[in-house]
Amino acid sequence: MMKIALIGSSGKLGSVIARQALDKGIGVKGFQRSANPSDERIELVRKSLFDITRGDLADCDAVLSAFGSGFKADPAINCQAFLKYIELNEGLDRHLVAIGGAGSLYTDETHTLLSYEAPEHPEFLREISRNIKLGIDELKKTTNVKWTVVCPSAFFDESGSLTGNYVIGTEGHLLYNSAGKSRVTYPDLADAMLKIALEDTYQKQVVTVLTV
């Protein structure tokens, strides 16, 4: 049976990833600071991202991260998270699939403006998005980490369901559906992250997921 390490397994996205993985028969070793797992089937390790060791992950076939700093933490922690991913996975034949941010993508196919630089980008997210982009840039410099960064669309729909009707974009900019919306549901994003890990695809790429 495949086993994944899931960082942030108790969060909004992490709990959805955990449930989908477990329902598929995939073992989940969940890393979280809170005491209670989101699903009793999770093999729980009470550690934050920055306390995880390489040994903690040795029995896992892939590492998925749903880490999010929240709005009150120092935004720099979002860049530091990517440096930690490198430390944990460097030199190993193990796929890291980490959540990114819509703000780190370009606004459109011209690639002239990053989303976090656009005037309409929420001010409280600007430094978070900038630090995620800095972290991704550090990951891109590596030569011996097998990684994929998965970015949501501009609107991350917490109330949406699993549609399975989504596209994965690889061009580095936001995507829009036929209604002109850049939207993805939590379950669709979780499904895409699991699919990438299971199929070992999109290596060394930043992708985005759009619910069609």
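Let me begin by describing the structure that accompanies this report.

Conventions and cut-offs
Residues numbered from 1 in each chain as written. Predicted model: local features only at pLDDT ≥ 70, side-chain atom pairs only at ≥ 80, totals over all residues. Heavy atoms only, no water. Helix = DSSP H or I, 4+ residues; strand = E, 2+ residues; numbered from the N terminus. Buried < 20%, exposed > 50% of the residue type's maximum accessible area, 1.4 Å probe, protein only. Axes fitted to C-alpha atoms, helices over the stretch in contact; angles between N-to-C directions. Parallel < 35°, antiparallel > 145°, perpendicular 65-115°, else oblique. Left-handed = near helix turned anticlockwise from the far one by under 90°. Contact = heavy atoms within 4.5 Å. Nonpolar A, V, L, I, M, F, W, Y, C, P; charged D, E, K, R; others polar. Phe/Tyr/Trp six-rings, centres within 6.5 Å; stacked < 30°, edge-to-face > 60°.

## Details of the environment of glycine 70
Okay, so step 1: Tracing the backbone through its elements, the reader meets glycine 70 in the loop between strand E4 (62-65) and helix H2 (77-89).
Okay, so step 2: Note on glycine 70: relative accessible area 37%, which makes it partly exposed.
Okay, so step 3: Linking glycine 70 and serine 115, residues 45 residues apart in sequence, is a C-alpha distance of 19 Å.

## Here's the deal with the packing of helix H1 (residues 12-23) against helix H4 (residues 186-199)
The description of two packed helices rests on the angle between their axes and on the distance between the axes.
Okay, so step 1: Their axes nearest at 9 Å, the elements H1 and H4 cross at an angle of 60 degrees. Compared by their axis directions, H1 and H4 come out oblique. For the element pair H1 and H4, the recorded crossing hand is right-handed. Counting all contacts with H1, which are made through Lys12, Leu13, Val16, Ile17, Gln20 and Ala21, the residues of H4 involved are Tyr186, Pro187, Leu189, Ala190, Asp191, Met193 and Leu194.
Okay, so step 2: For the contact of H1 with H4, the per-class residue count stands at 10 nonpolar, 1 polar and 2 charged.

## Side note on the packing of aromatic side chains
Okay, so step 1: Considering all chains together, one arrives at 4 aromatic pairs under this definition.
Okay, so step 2: The interplanar angle of 85 degrees and the centroid separation of 5.1 Å between the aromatic rings of phenylalanine 71 and phenylalanine 124 together place this pair among those described as edge-to-face. Here the residue phenylalanine 71 occupies a position in the loop between E4 and H2, and phenylalanine 124 occupies one in helix H3 (residues 123-141), the gap between them amounting to 53 residues. For the pair phenylalanine 71 and phenylalanine 124, a shared accessibility class is recorded, and that class is exposed.
Okay, so step 3: Geometrically, the ring pair formed by phenylalanine 82 and tyrosine 85 is edge-to-face, given 5.2 Å between the ring centres and 75 degrees between the ring planes. In this pair, phenylalanine 82 and tyrosine 85 are both assigned in helix H2, 3 residues apart and thus about one turn of the helix distant. There is no split in this pair, since phenylalanine 82 and tyrosine 85 are both buried.

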